[in-house]
Amino acid sequence: MYAITSERVLLIGGADPETARSYAPARLQQIKRTEHAGGWGDLILETEHVYDGDDSYTTNRTRRSWKT
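The sections below set out a description of the structure shown in this document. (Residues numbered from 1 in each chain as written. Predicted model: local features only at pLDDT ≥ 70, side-chain atom pairs only at ≥ 80, totals over all residues. Heavy atoms only, no water.)

## Structural notes on the environment of E7
Okay, so step 1: Locating E7 in the fold gives a position in the loop between strand 1 (2-4) and strand 2 (9-12).
Okay, so step 2: Along the sequence, E7 and P25 sit 18 residues apart, while their C-alpha atoms lie 6.9 Å from each other.
Okay, so step 3: Beyond its immediate chain neighbours, meaning those up to four positions away, E7 contacts A24 and P25. (Helix = DSSP H or I, 4+ residues; strand = E, 2+ residues; numbered from the N terminus. Contact = heavy atoms within 4.5 Å.)

Structure (structure tokens):
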């Protein structure tokens, strides 16, 4: 679940239902929004590239989906 206010974006739950994250406006400069047919889409709030030790990287994204 997520909430968007004029002060921040709050994410509650996800992979760990007891987790909450807060994103201030400065952290939302790279936000990406994708809309798909059927009235649903994704908000990608955070992208992290993690070196996995075998000369490659894994990409982790903090994403929330919606449907209208």
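Structure's up, so let's keep going.
## Some points on the pattern of salt bridges
Okay, so step 1: Applying the stated criterion across every chain yields a total of 1 salt bridge.
Okay, so step 2: In this structure, the salt-bridge partner of E35 is R33, at a minimum N-O distance of 2.0 Å. Neither E35 nor R33 differs from the other in exposure class; each is exposed. (Salt bridge = Lys/Arg side-chain N within 4 Å of Asp/Glu carboxyl O. Buried < 20%, exposed > 50% of the residue type's maximum accessible area, 1.4 Å probe, protein only.)

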